[in-house]
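Remarks on the overall topology
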Amino acid sequence: MKIKDVTSALECFAPLPLQEDYDNAGLQVGLTEAEVSGVLLCLDVTEDTLQEAIDKGCNMIVAHHPLIFRRLKRISNDDYVQRCVMKAIKNDITIVAMHTNLDSVNGGVNYMIARKLGLHSVEQIEPHTVCSTEAGCGVIGLLPSPITAEEFITTLKGTFNAACVMTNQLLERPISKIAICGGSGAFVLPKAIAAGADAFITGEMHYHEFFGQEQKIQIAVMGHYESEQFTINLLEEIIKDRCSGVRTVVTEKCTNPIIYH
């Protein structure tokens, strides 16, 4: 099977037209006509993950976050992005990103978060259709049974191995209906409140966005990497389901640049 076949399978699941205007999902570096020797799956492309792909005989990397996000004016030794581009080309490694298209597609990143929490009756908060594909900016679902705010935070920390969870005032009513938007998802908070969610999970929010929601909704911000880490497993599932026989390797490198002390 060729690299272009794997790319096509991924884009069939999460079409590129679903990505946000600011995004740069899809092919990042390399050629797609070569036969795929193995696919390294990661959240972020770094010099370490590139070396891991080389060491493990993978000529394709599929990442969630694009390596090339902003326009490159040169390819030199100035920063890790440029060094990664050079290293990938030198070692004939093709890099593909599945970013906001995978975030918004039905069955995508937010559904994986919901699955990890054991939610049921999961659906898009504001569904719409693009290129005959169902998508949305976030999901909402139900816990098997109501829990307290304290239990909810403890569950998040344990399930996502989060060193801490940033919250607003703890909710005094039971939590049952949960809204989710992995990564930087504060823009979904008003939609979550309108949909009647008891809690809202995301990876990043600004300070002032926490104000004014006391006892309306339980905000839980657990870190960008923490919220999206299981995207790697989702990518593996897609490839195994649609590209039988292709070798997949889940990275052993933690690419989270944030360290909690």
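For the structure, check the block above.
Residues numbered from 1 in each chain as written. Predicted model: local features only at pLDDT ≥ 70, side-chain atom pairs only at ≥ 80, totals over all residues. Heavy atoms only, no water.

Put simply, helix α1 (residues 3-13) and helix α9 (residues 231-242) touch, their axes get as near as 10 Å, and they point 115° apart. It follows that α1 is roughly perpendicular to α9 by the angle criterion. Regarding α1 and α9, the two cross each other, and that crossing is right-handed. Where α1 approaches α9, its residues Val6, Ala9, Leu10, Cys12 and Phe13 are matched on the opposing element by Leu235, Ile238, Ile239 and Arg242. (Axes fitted to C-alpha atoms, helices over the stretch in contact; angles between N-to-C directions. Helix = DSSP H or I, 4+ residues; strand = E, 2+ residues; numbered from the N terminus. Parallel < 35°, antiparallel > 145°, perpendicular 65-115°, else oblique. Left-handed = near helix turned anticlockwise from the far one by under 90°. Contact = heavy atoms within 4.5 Å.)

Let's shift gears to the packing of aromatic side chains. For any pair of aromatic rings, the description rests on two quantities: the centre-to-centre distance and the angle between the ring planes. Applying the stated criterion to the full structure yields 3 aromatic pairs. Ring geometry for Tyr22 against Phe69: centres 6.3 Å apart, planes inclined by 55°, an arrangement best described as tilted. Separated by 47 residues along the polypeptide, Tyr22 in the loop between α1 and β1 (26-29) and Phe69 in the loop between β3 (60-63) and α3 (80-90) bring together distant segments of the chain. On the basis of relative accessibility, which here comes to 52%, the residue Tyr22 falls in the exposed class. Residue Phe69 is classed as partly exposed on the basis of its relative accessible area of 33%. Positioned above the aromatic ring of Phe230, the side-chain terminus of Lys116 is 4.3 Å from the ring centre. (Phe/Tyr/Trp six-rings, centres within 6.5 Å; stacked < 30°, edge-to-face > 60°. Buried < 20%, exposed > 50% of the residue type's maximum accessible area, 1.4 Å probe, protein only. Lys NZ or Arg CZ within 6 Å of the ring centre and 35° of its normal.)

Three or four residues apart is the spacing at which side chains of an α-helix point the same way, because the helix has 3.6 residues per turn. Within the span of helix α6 (residues 149-159), buried status applies to Ala149, Phe152, Ile153 and Leu156. Within α6, the buried residues cover an arc of 95° as seen down the axis, which keeps them to one side. Among the exposed residues of α6, those oriented more than 90 degrees off its buried face are Thr154 and Gly158. A positive phi of about 50° marks Asn161, the residue just after α6. (Arc of directions from axis to C-beta.)

What follows covers the nonpolar core. Most often, soluble globular proteins have nonpolar side chains that are buried together. Counting residues in hydrophobic clusters, the biggest one holds 52 residues, and the most contacted among them are Leu102 and Phe152. The residues touching Leu102, leaving out its near neighbours within four places in the chain, are Phe13, Ala14, His64, Gly108, Val109, Thr231, Leu234, Leu235 and Ile238. Leu40, Cys42, Cys84 and Ala88 belong to the second largest nonpolar core, which has 18 residues in total. (Core = buried A, V, L, I, M, F, W, Y, C linked by side-chain atoms within 4.5 Å.)

Moving on, we come to the side chain of Asp44. On the secondary structure map, Asp44 appears in the loop between β2 (39-42) and α2 (47-55). Within the structure, Asp44 has its side chain in polar contact with the side chain of His65 (distance 2.6 Å). A polar contact is formed between the side chain of Asp44 and the side chain of Thr255, at a distance of 2.5 Å. Excluding its chain neighbours within four sequence positions, the residues that come into contact with Asp44 are Thr49, His65, Tyr225 and Thr255. (Polar contact = N/O pair within 3.5 Å; in protein donor to acceptor, adjacent residues only side chain to side chain.)

Turning our eyes to something else, we now look at the packing of helix α5 (residues 109-116) against α9. Contact pair α5 / α9: the axes reach a minimum separation of 9 Å and the direction vectors enclose 110°. Taken together, the axes of α5 and α9 lie roughly perpendicular to each other. Residues Val109, Met112 and Arg115 of α5 pack against Thr231, Asn233, Leu234 and Glu237 of α9. Its residues assigned to classes, the contact of α5 with α9 shows 3 nonpolar, 2 polar and 2 charged. (Nonpolar A, V, L, I, M, F, W, Y, C, P; charged D, E, K, R; others polar.)

All right, on to the sheet that holds strand β12 (residues 218-221) then. Strand order in the open sheet made by the 6 strands is β5-β8-β10-β11-β12-β9, with mixed pairing throughout. Every other strand in the sheet has two partners, leaving β5 (120-124) and β9 (166-167) as the edge strands with one partner each. Of the strands in this sheet, β8 (139-147), β9, β10 (175-184), β11 (199-204) and β12 are in contact with α6, which crosses β12 at around 20°. (Pairing = 2+ DSSP bridges.)

Function cannot be inferred from these measures alone, as they are strictly geometric.
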